[in-house]
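What follows is the residue order along each chain.
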Amino acid sequence: MKLEIGTRCPFHIDEGVMIDYVEDQWLILIKDALWQPEEIKAFRRNPGRLAFLPLDTAVFFTVNVDDVLETSDLPFVIQECENAQTLFKRPEMAVTLALISAQDEVIALRQLTLSTADAAQVKNHLKRILDAGYDQTVSNHQIDKTQARYQPDELEEKALFTAAF
């Protein structure tokens, strides 16, 4: 799937930030009611970070773009991913970040590819979680407990790795 600026995003999301693995790539969609020109410009050129923190039943990604998006935590539950098996087949991991308007239009894009070592860590932890079985109640409890205990920037500090974009 290739998102393009000026086209309609194929996914309707509520305002905020979400992550999913779709068609061989991680998609991080950032939707706001109104994007200011300064924010779009900053999104395109300011430094950003994507961090990864594995837990027992889920993983957290955090994403930050200077002057656009404060650190946001993005829990990901592999058992709820429709494309879980394809995630393990490719050696690299592409990540697409997109600003989405209130009308679901793609306003701006950024992309990065995780290093082979970082991608291997993500896959290893997700495979471990997938093989362990799934209890939605336990998983939701761990996510809720983690979000109650830590602010997103604190999760970023505990991350296994951070990738710059």
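Residues numbered from 1 in each chain as written. Predicted model: local features only at pLDDT ≥ 70, side-chain atom pairs only at ≥ 80, totals over all residues. Heavy atoms only, no water.

Attention shifts here to the overall build of the protein. A tally of helices and strands in the protein yields five helices and eight strands. For 165 residues, the compact-globule estimate of 2.2 N^0.38 gives 15 Å, and the C-alpha radius of gyration of the protein, at 15 Å, lies within 12% of that figure. Each principal axis of the C-alpha atoms in the protein carries an extent, and together these give about 45 × 35 × 30 Å. Put simply, the protein has 165 residues, and 48% of those count as buried. Within the protein, contacts between residues separated by at least 24 positions form 65% of all contacts whose residues are at least 6 apart in sequence. Roughly 8600 Å² of accessible area belongs to the protein as shown, and the carbon and sulfur atoms make up 46% of that amount. (Helix = DSSP H or I, 4+ residues; strand = E, 2+ residues; numbered from the N terminus. Rg over C-alpha atoms; globule rule 2.2 N^0.38 Å. Buried < 20%, exposed > 50% of the residue type's maximum accessible area, 1.4 Å probe, protein only. Contact = heavy atoms within 4.5 Å. Areas by Shrake-Rupley, 256 points an atom, 1.4 Å probe, with all protein chains shown as cover.)

Right, let's get into the sheet that holds strand β5 (residues 69-76). Spatially, β5-β4-β3-β8 is the arrangement adopted by the four strands of the open sheet, whose pairing is antiparallel. Looking at which strands have only one partner, the edges of the open sheet turn out to be β5 and β8 (161-164). When strand polarity is set aside, the average angle formed by the axes of neighbouring strands in this sheet is 20°. Here strand β3 (residues 48-54) pairs with β8 via four bridges, running antiparallel. Across the sheet, residue R49 finds its bridge partner in β8, namely A164. (Pairing = 2+ DSSP bridges. Axes fitted to C-alpha atoms, helices over the stretch in contact; angles between N-to-C directions.)

Time to look at the nonpolar core. Counting residues in hydrophobic clusters, the biggest one holds 38 residues, and the most contacted among them are W26, I28, F61, F76, L97, L114 and V122. If near-sequence neighbours (up to four positions away) are discounted, V122 is found in contact with W26, F52, F61, M93, L114 and F161. (Core = buried A, V, L, I, M, F, W, Y, C linked by side-chain atoms within 4.5 Å.)

On the surface, E70, D153, E154 and E157 cluster together to form a negatively charged patch. In terms of residue count, the dominant contributor to the negative patch is helix α5 (residues 152-157) (three residues). Structurally, E70 can be placed in strand β5. Here E70 falls in the exposed class, since its relative accessible area comes to 68%. (Patch = residues over 30% accessible without salt bridge, like charges linked within 9 Å, V, L, I, M, F, W, Y side chains within 5 Å. Salt bridge = Lys/Arg side-chain N within 4 Å of Asp/Glu carboxyl O. Lys, Arg positive; Asp, Glu negative; His and termini not counted. Charge placed at Lys NZ, Arg CZ, Asp CG, Glu CD.)

Now for the environment of A132. Tracing the chain through its elements places A132 in the loop between α3 (116-131) and α4 (136-149). Along the backbone, A132 and Y21 are 111 residues apart, and their C-alpha atoms lie at a distance of 20 Å.

The tally for this structure, following the rule as stated, stands at zero disulfides. There is no disulfide at C9, and the cysteine sulfur nearest it, in C81, is 16 Å away. For C9, a relative accessible area of 4% corresponds to the buried category. Using a relative accessible area of 8% as the deciding quantity, one classes C81 as buried. (Disulfide = S-S within 2.5 Å.)

In this section: unusual backbone geometry. Phi angles above zero are rare outside glycine, and E23 is one such case at about 45°. Tracing the sequence through the fold places E23 in the loop between β1 (16-22) and β2 (25-31). Its relative accessible area of 47% is what places E23 among the partly exposed residues. Although it is not a glycine, D67 adopts a positive phi angle of roughly 65°.

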